[in-house]
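Survey of secondary and tertiary structure
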Amino acid sequence: MKAAVLVFPGSNREGDVAQALELITGRRPAMVWHGDGDFEKTDLIVVPGGFSYGDYLRCGAMAAQSPVMAEVKRRAAQGVPVLGICNGFQIVTEAGLLPGVLMRNAHLKFVCSDVHLKVETSQSLFTNRYQAGQVIRVPVAHAEGNYFADADTLKALEDRGQIAFRYCAPDGTVDGPLGKQANPNGSINNIAGIFNETKTVLGLMPHPENAVEPMFGGTDGIGLFEGIVEALS
Amino acid sequence: MKARVHVTLKNGVLDPQGKAIGHSLNRLGFPEVGDVRQGKYIELEIAETDATKAKARLDEMCRKLLANTVIENYSIEIVGEQAGQ
Amino acid sequence: MKARVHVTLKNGVLDPQGKAIGHSLNRLGFPEVGDVRQGKYIELEIAETDATKAKARLDEMCRKLLANTVIENYSIEIVGEQAGQ
Amino acid sequence: MTAAGNKSPVKLPNEPEITPQIVAEHGLAPDEYQRVLDIMGRPPTMVELGIFSAMWSEHCSYKSSKVWLKKLPTRAPWVIQGPGENAGVIDIGDGQAAIFKMESHNHPSYIEPYQGAATGVGGIMRDVFTMGARPVANLNALRFGDPAHPKTRHLVSGVVAGIGGYGNCMGIPTVGGETNFHAAYNGNILVNAMTVGVARTDRIFYAAAAGIGNPLVYVGSKTGRDGIHGATMSSTEFNEDSESKRPTVQVGDPFVEKLLLEACLELMATDAIVAIQDMGAAGLTSSAFEMAAKGGLGVIVELDKVPMRETGMNPYELMLSESQERMLIVLKPGREDLARRIFEKWELDFAVIGHLTNTERMVLSWHGDIVGDIPIPPLVTEAPMYERPWTLTPLPAEIEASAVPAPTDLKASLLTLMGCPDLASKAWIWKQYDHLIMGNTAIRPQDGDAALVRVPGGHKGLAMTSDCTPRYVQAHPETGGRQAVAEAWRNITATGARPLAVTDNMNFGNPTKPEIMGQFAGAIMGMVEACTALDFPVVSGNVSLYNETEGRPILPTPTIGAVGVIDDIAKAVGSRLTKAGCALVLIGDTRGWLGQSLYLREICGREEGAPPPVDLAVERRNGDFVRGEIAGGRIAACHDLSDGGLLVGVAEMCLAGGTGALVTLPANIGAPHAFLYGEDQGRYVAATDDGQAFLAAAAAAGVPAILLGYAGGQALVVEGHLTLPLDELRAVHEAWLPTYMNSAT
Ligand SMILES: Nc1ncnc2c1ncn2[C@@H]1O[C@H](COP(=O)(O)OP(=O)(O)O)[C@@H](O)[C@H]1O
Ligand SMILES: [Mg+2]
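Now for a description of the structure that goes with this document. (Residues numbered from 1 in each chain as written. Chains lettered and ligands numbered in written order. Predicted model: local features only at pLDDT ≥ 70, side-chain atom pairs only at ≥ 80, totals over all residues. Heavy atoms only, no water.)

Quick notes on the sheet that holds strand E3 (residues 72-80) of chain C
- Strand order in the open sheet formed by six strands is E3(B)-E1(B)-E2(B)-E2(C)-E1(C)-E3(C), with antiparallel pairing between adjacent strands. At either end of the open sheet lies a strand with only one pairing partner, and these are strand E3 (72-80) of chain B together with E3 of chain C. Between one strand axis and the next, the sheet turns by 20 degrees as a mean value, whatever way the strands run.
- With six bridges joining them, strand E1 (residues 2-9) of chain B and strand E2 (residues 33-46) of chain B adopt antiparallel strand pairing. Across the sheet, the residue bridging to His 6 of chain B is Tyr 41 of chain B, located in E2 of chain B.
- Those strands touched by helix H1 (residues 16-27) of chain B are E2 of chain B together with strand E2 (33-46) of chain C, and its axis lies near 125 degrees from that of E2 of chain B. (Pairing = 2+ DSSP bridges. Helix = DSSP H or I, 4+ residues; strand = E, 2+ residues; numbered from the N terminus. Axes fitted to C-alpha atoms, helices over the stretch in contact; angles between N-to-C directions. Contact = heavy atoms within 4.5 Å.)

So this is what it looks like as structure tokens:
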């Protein structure tokens, strides 16, 4: 599988995801500079975490307007899978590849810690290695991960099964006070990650790329990358 | 000329920052404060002398970058010829 | 009543956000954009009917919380009786 | 262009005559100003005066501290670069070096906590990457005032947000630090930031300029009127006024610094650089000066070519501005275009602003006129240096355990301690720091005595910590200095790593007071002993004096930052107790030293007595033993004992790993509360699979060790004294800081 990782001024987790991809696929992804409107054909496009353009104005807003994102939109329309992680989720959302918006965390602080996620479906190229309902542990690190969508959009997302991951208690509880406590940013319906309608675009706030080695954050993120490899080869 | 842009959250969109500010003010001894909403205020210098043209361009800037029209409204004000200090 | 507060950076204080927005607009095909400064815009509902009193209270709020007077200026505007929409 | 020699520079329009008042405002004493006149042979211009003032400020010249700093040991076979450069450099094997330093931003953080702390972090990262290292971790040592003081909450919130805001955006994990509260810091908080970077030993960059005619290049952000005279400000005492006459505060732009980091590393991968120096305190002045002075050369700076953010800036402002995110580089001839392309790709300013000369003078030109002309060597050699009078703090009387009441309720006392501001969990702080980015963090905050970060591209790990116990230093500076170094060494040892070297941040009050200077002297004496005995050289550091408000000094705080290495990171251990059934062994002697203990302060309300003595030979023997056992795979978890003593240490291990412990008090320990809460030094608790074998190994090594009990269950139990469910303990430990931060002012 050939992957491309986009690099914007201010991206800073591009190395982390490149390292994870290399570890799991055995192949170093191509690093694509934001100014490159045209880049080599790849099987997967990763929009990594960071503070593109300092996260000034709105997270992801400036990066979403870059030449490379115009190309990403074209390819996404042709079905090339796109994975947006953290700032990447914000960017693909600002670019209109996913609905809704990521707002300031409800407590207004940056939060870095391990969270538990409930995998909502295994029916996607990103989640096929997980079971629906499975609980995984991966870290988050963001100040603006508070997912919001208006009622109609939200209903459509839920009805069409476009929710990929939800924050949950270690035992999988999403609802009630336990679920609320498990939600690190106040996102609506405890949403941590969503798909587009065709499930070829995934945006998520947590960092599976920082959970691929036992000594360095655990291994629960491996499934995501292995799943992609399997689906795309 | 100089322009001012206000970007505010649409009605019905949750505003965590505004809410937190309201809470803090209540706690700090300002119980009279009710709803608080926080928006952005942007001042721009524009090399353009025709106000109508400037306004059209600013509208484009807002739609392209300054506001996220999914959740935000914007308003544009042209201030005049004076150079910003 | 409703009040509006603008909080802006003092002259001479670096505004990284404004700078980045300006760059970005230039790149996006708005070469006419010069200096950009970003500030905050806050709308508050206040349970107070006397505008003078409200203004004094708002001044206190600004100094205590809303503005960082080391680097920011603020201005207060009372909008009137109408309930915020 | 030749140097102007004795010819007076051109005066600028509206340039004032230098009056005694202007001299005083520049922080120069009358005899110091006389020295300026002697060096110059004429009255200086304003910009020249500004340069003398900045260069001879306490912050840049170390005039009060230099005679003492010289006593610190700075050499070891693994030291590549000791103090004197932007940061210290040590060899960590495999052709790699660790580059690190700590620096204070105390005064700016008090005035504007967010920006003050943020720019402190930005500054220390520049010090490290200017030497060619990619930063791999940040730490921060924070001291705030009494939590009940009206300003404290605001300061904590701003400082923490600022540190996070900058480090998170840069993408460098902030992996550790320390946070204390004490009324002595009410009007003068301490914000000490440390950065550790990694470079190849054959790709290290220095500040010494070379090559007459070589271009002097300015890169990064434009220069504005930020923090003009910040260096002078941080060298004078605070008073009520200083809040009103706030100078322009520097605002940090971490996004630009991230670009600067990438651009500098990209340029460093070429062969274009002769010398490079970040613009820190006293901006262009100190960077240009240091580069020229270190190279024994002169420099011409064409100030009108400096990229400016504002209109109407003058030479004085340009030389003294402390705008952030800027670097000065001497390039090899003909490499300007290559360098320009790199910086322009990263959308940064780039300007050739002068060149090197053989004159040993700094000449400043402004639109063709010479506006300043200063001989460089005398500014360095004639810089004021003071042997300030000092009186040592006498050693307070020892407090016998029998003179300290036992707690009426052991459980309540433990909960009080675990929930007190100094011991309560600092998760509220470090969760606001991205401590995981880069994917190399093996020991996270609260999971070990030192943070442990994998060296990119291999199996080595760097252990790092910051330590100081100011109340010990206050009570007896020599003991306190010794203890700070010993605790740092011990914290690194407890992970299994080899402690290699130290950076320090000496935070003290007004050095013109003999008792303050005595604190400084005493702390240095203690550090010298400890660093020598533990083979733990000081490779970089920073001094912050005049930390006083209205004549009230802070607690003397010589913060010790330290770095160690472990060759196989898989062999490292943290302090998390995870394995039920493990034996818990106490290593080191316990006398039950309660003088200056947290028990005495928090439970008895007394800050008294002599601090625990540090026997450096014992420290080393115990530590070497522990490190050996970890290397041999015989230790599953390890924690050093410091603040709060044994019971607190065991409680922390239980909480970190989510496993309880059953402790049985040995016979003949004297008063249980002294045994459990005494802060005797040189001790560790280790969890091991085979307790008896471990005790035998300890006995063979001549190391005192006793079996304390076993790991297991979901409660901390001290047989016959205490049963405390972990949930209850955790709730108290974790509640204090968030509750405090969320409560009303
Ligand atoms: N300001 C801070 N920034 C980051 N981590 C911190 C900070 N303050 C405390 N910590 C972390 O909290 C934990 C407990 O701190 P401390 O009690 O000083 O540890 P120790 O006594 O083991 O040296 C450590 O892991 C430390 O790194
Ligand atoms: Mg400590």
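Observations regarding the relation of the copies chain B and chain C
- For the pair chain B and chain C, the best superposition has an RMSD of 0.1 Å and corresponds to a rotation of 180 degrees with a translation of 0.0 Å parallel to the axis. Those values place the two copies in the arrangement expected of a two-fold rotation axis. Ranked by how close their C-alpha atoms come to the rotation axis, the residues of chain B are headed by Lys 40 of chain B, at 2.4 Å.
- Comparing contact sets, 100% of the residues at the interface of chain B also lie at the interface in chain C, consistent with an isologous, same-surface contact. (Least-squares fit on C-alpha atoms with pLDDT ≥ 70 in both.)

Topic: the interface of chain D and chain A
- Contacts between chain D and chain A engage 29 residues on the former and 26 residues on the latter.
- Buried area between chain D and chain A, both sides added, is near 2300 Å², and the carbon and sulfur share of it is 60%.
- Put simply, chain D and chain A have three salt bridges between them.
- Between Asp 434 of chain D and Arg 13 of chain A there is a salt bridge, with its nearest N and O atoms 2.7 Å apart.
- The interface formed by chain D and chain A holds nine residue pairs in polar contact (both at pLDDT 80 or more) in total.
- Going through the elements one at a time, helix H8 (152-170), helix H10 (254-268) and strand E14 (441-443) of chain D are the ones with two or more residues in the side of chain D that touches chain A.
- Looking at which element gives the most residues to the side of chain D that touches chain A, the answer is H10 of chain D, with four residues.
- Of the residues assigned to the side of chain D that touches chain A, the class counts are 14 nonpolar, seven polar and eight charged. (Buried area = accessible area lost by both parts, 1.4 Å probe. Salt bridge = Lys/Arg side-chain N within 4 Å of Asp/Glu carboxyl O. Polar contact = N/O pair within 3.5 Å; in protein donor to acceptor, adjacent residues only side chain to side chain. Nonpolar A, V, L, I, M, F, W, Y, C, P; charged D, E, K, R; others polar.)

Describing the coordination of the magnesium ion (ligand 2)
All names here are of chain D.
- Around the magnesium ion (ligand 2), the protein supplies Asp 467 (OD) and Glu 487 (OE) as donor atoms, at distances of 2.6 Å. Separated by 20 residues along the polypeptide, Asp 467 in strand E16 (residues 461-467) and Glu 487 in helix H18 (residues 477-493) bring together distant segments of the chain. Note on accessibility: Asp 467 and Glu 487 belong to one class, buried. (Donors = N, O, S within 2.8 Å, 3.2 Å for Na, K, Ca; no water. Buried < 20%, exposed > 50% of the residue type's maximum accessible area, 1.4 Å probe, protein only.)

Quick notes on the interface of chain B and chain C
- Contacts between chain B and chain C engage 33 residues on the former and 33 residues on the latter.
- Here chain B meets chain C over a buried area of about 2900 Å², counting both sides, of which 62% is carbon and sulfur.
- Contact with chain C buries area across many residues of chain B, yet Phe 30, Glu 32 and Tyr 41 of chain B alone supply 21% of it, more than any other trio.
- Taken together, the connections running from chain B to chain C amount to two salt bridges.
- Between Glu 32 of chain C and Arg 57 of chain B there is a salt bridge; the shortest N-O distance is 2.5 Å.
- Taken together, the links from chain B to chain C amount to 15 residue pairs in polar contact (both at pLDDT 80 or more).
- Elements supplying a minimum of two residues to the side of chain B that touches chain C: E1, H1, E2 and helix H2 (51-66) of chain B.

Some points on the packing of H18 of chain D against helix H21 (residues 616-631) of chain D
Residue and element names in this part refer to chain D.
- For the pair H18 and H21, the least separation of the axes is 9 Å and the interaxial angle reads 10 degrees. Put simply, H18 runs roughly parallel to H21. Every residue of H21 that contacts H18 at Arg 482, Ala 486, Trp 489, Arg 490 and Thr 493 is listed here: Leu 616, Glu 619, Arg 620, Gly 623, Asp 624, Val 626, Arg 627 and Ile 630.
- Its residues assigned to classes, the contact of H18 with H21 shows five nonpolar, two polar and six charged. (Parallel < 35°, antiparallel > 145°, perpendicular 65-115°, else oblique.)

Notes on the nonpolar core
- Core analysis: the largest hydrophobic core is formed by 147 residues, its most contacted members being Leu 6, Met 69, Leu 83 and Phe 165 of chain A, Leu 44 of chain B together with Phe 343 of chain D.
- With ten residues, H10 of chain D is the largest single contributor of residues to this core.
- Beyond its immediate sequence surroundings of up to four residues, Phe 343 of chain D is in contact with Val 219, Leu 260, Ala 263, Cys 264, Leu 267, Ile 329, Leu 348 and Phe 350 of chain D. (Core = buried A, V, L, I, M, F, W, Y, C linked by side-chain atoms within 4.5 Å.)

Topic: the site of ligand 1
Residue and element names in this part refer to chain D.
- In the vicinity of ligand 1 there are 18 residues, among which Asn 140, Gly 177, Thr 179, Gln 446 and Asp 449 approach most closely.
- Compared with its free state, where it exposes 550 Å², ligand 1 has 86% of that area covered by protein.
- A molecule is said to occupy a pocket when more than half its atoms come within 2 Å of that pocket's grid points, and by this definition ligand 1 occupies the largest cavity.
- Looking at the shell around ligand 1, the elements that each hand over two or more residues are strand E4 (134-144), strand E5 (174-181), helix H16 (427-430) and H18. (Near = heavy atom within 4 Å. Areas by Shrake-Rupley, 256 points an atom, 1.4 Å probe, with all protein chains shown as cover. 1 Å grid on protein atoms, 1.4 Å probe; cavity = no way out; pocket = protein on both sides within 12 Å on 5 of 7 lines; lining within 4 Å. Sits in = over half its atoms within 2 Å of the grid points.)

A look at the pattern of salt bridges
Residues and elements named next belong to chain A.
- Applying the stated rule across the entire model yields 70 salt bridges over all chains.
- Residues Asp 16 and Arg 13 are paired through a salt bridge, measuring 3.9 Å at the closest nitrogen-oxygen approach. Across this residue pair, the class does not change: Asp 16 and Arg 13 are buried.

Thoughts on the state of the cysteines
Residues and elements named next belong to chain D.
- In the structure shown here, the tally under the stated rule is zero disulfides over all chains.
- Cys 420 takes part in no disulfide bond, and the closest cysteine sulfur to it belongs to Cys 604, at a distance of 13 Å.
- Residue classification places Cys 604 among the partly exposed positions, given a relative accessible area of 22%. (Disulfide = S-S within 2.5 Å.)

Quick word on empty space enclosed by the protein
Residue and element names in this part refer to chain D.
- Applying the stated criterion to the full structure yields nine cavities of 30 Å³ or more.
- Volume-wise, the largest cavity comes out at about 930 Å³.
- Residue assignment for the lining of the largest cavity shows that the elements contributing at least two residues are E4, E5, H16, E16, H18, strand E23 (637-640) and helix H22 (645-657).
- In terms of residues, the lining of the largest cavity owes the most to one element, E5, which gives seven residues.
- In terms of residue class, the lining of the largest cavity is built from 16 nonpolar, 19 polar and eleven charged. (Points joined across faces, edges and corners; volume = space filled by probe spheres on them.)

It is worth stressing that arrangement in space is one thing and function is another; only the former is reported here.
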